[in-house]
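# Structure at a glance
Here is how the chains run, residue by residue.
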Amino acid sequence: TQQEALIRALPKVELHLHIEGTLEPEMMFELARRNGVKLPYDSVEAVRKAYDFSNLQSFLDLYYAGAGVLITEQDFYDLTWAYLKRCQADNVVHTEIFFDPQTHTERGIAFETVLAGIRRALDDGRAQLRISSRLIMSFLRHLSEEDGFRTLEMARPHLDRIDGVGLDSSEVGHPPSKFARLFAECKALGLPRVAHAGEEGPPEYVWEALDLLDVCRIDHGVRALEDGKLVERLAETRMPLTVCPFSNVKLRVFDKLSDHTLRVLLQKGLCATVNSDDPAYFGGYVQDNYLGCARELGLSGGEILQLVKNGFEASWLEEGERGWWM
Ligand code: ADE
Ligand code: ZN
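Everything numeric here is computed off the predicted structure, so don't read it as measured data.

### Thoughts on unusual backbone geometry
The backbone of S169 shows a phi angle near 85°, a positive value even though the residue is not glycine. Its identity is not glycine, yet D214 carries a phi of approximately 50°, on the positive side. Tracing the chain through its elements places D214 in the loop between α10 (203-211) and β6 (217-220).

Okay, here's the thing in structure tokens:
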């Protein structure tokens, strides 16, 4: 269709992607073999079959277990490089990715190993593939704020290679207010802040992310639609929402893609963007998310263009970095 051709032709950005969530089952087996790690699956097919989630937590359990095959700097490089090659194939010209250091430091992997591998791939991506990027260090909200402070201490010598901070993992029961002091410290260090809010959690968590963490984007945010005052605030400030449609269906926030409220968000004047979250687990990369939404929601050419433009608007790209497309 024309919509499909438009999506493929447009240069796109991605703003909500967990690099650990790009670990395809094939690479999981390859790294397990390379590192002598034992997997609880006997084939790639068995892994894919296990990806049948009932909610966020049921996914996170497998996602953290899968990350256990990542050991060496080269593993983190290979993971990130494979993702960047996929960006190139899908006409993604800029990407802002999350990494979860605590997932690895908890297993005894050095912070520096994780950062060096990811960073080297991003640098090569810029030089060899012309893909610009940002790296966002995300704190795990099911852990304590104190653990977050310890992680920030590990990051301190490397802040020139970290572009911002985020907040992810199990949302309900771990409101943004739990991390108010940590995010204040990050703000004092000059780090831009984002947070997952309103994925499974209530609109109150989005208010807290705005008012207590002073974020410049809300990751997911789809539940904001339950609160008219919040929608007004988000629209007036053009606060970006990094929406992840395939993720929302796989984690049962919506029953099916045709039920997704992406179009409603646009109609209310919100700066909604399309992203993939954890593409290896949720059945598609960012372009697949656009294609799926165009098909199932009947997006017009104008709506597709608006979503793509919103992505550039919401990105941390600077004037001098912009390519021919801006
Ligand atoms: N970590 C990876 N993906 C996530 C998501 N969708 N929500 C919260 N934490 C995550
Ligand atoms: Zn996410």
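Text resumes after the structure shown.
### Topic: the UniProt feature "binding site: Zn(2+)" (unreviewed entry) in the chain
Sites flagged by UniProt as "binding site: Zn(2+)" (unreviewed entry) map to H16, H18, H196 and D277. A maximum C-alpha distance of 11.8 Å among these annotated residues, which run over 262 residues, shows that they cluster at one spot. Relative to the elements of secondary structure, H16 occurs in strand β1 (residues 12-18). Residue classification places H16 among the buried residues on the basis of 31 C-beta atoms within 10 Å. Leave out the neighbours within four places in its chain, and H16 touches D219, T242, C244, N275 and D277.

### Focus: the pairing of strand β2 (residues 92-99)
Of all the eight residues making up β2, eight are buried; the element is thus mostly covered by neighbouring parts of the structure. Relative to β2, β1 runs parallel, the two being bridged by five bridges. Paired with L17 across the strands is I97, a residue of β2.

### Things to note about the site of ligand 1
Within the structure, ligand 1 sits among H18, G21, L56, D168, S169, H196, E199, S247, D277 and D278. Each residue belonging to the shell around ligand 1 can be placed in one class, and the counts come to one nonpolar, five polar and four charged.

### Details of the confidence of the model for the chain
In the predicted model, the chain carries a mean pLDDT of 97, and the fraction of residues at 70 or more is 98%. Here the prediction assigns the complex a pTM of 0.98, and the interface score ipTM is 0.98.

Each value, and the rule that gives it
Residues numbered from 1 in each chain as written. Chains lettered and ligands numbered in written order. Predicted model: local features only at pLDDT ≥ 70, side-chain atom pairs only at ≥ 80, totals over all residues. Helix = DSSP H or I, 4+ residues; strand = E, 2+ residues; numbered from the N terminus. UniProt positions renumbered as here; feature names shortened; annotations may be inferred. Buried ≥ 20, exposed ≤ 12 C-beta atoms within 10 Å, placed from the backbone. Contact = placed C-beta atoms within 7 Å. Pairing = 2+ DSSP bridges. Near = placed C-beta within 6 Å. Nonpolar A, V, L, I, M, F, W, Y, C, P; charged D, E, K, R; others polar. pLDDT = per-residue confidence, 0-100.

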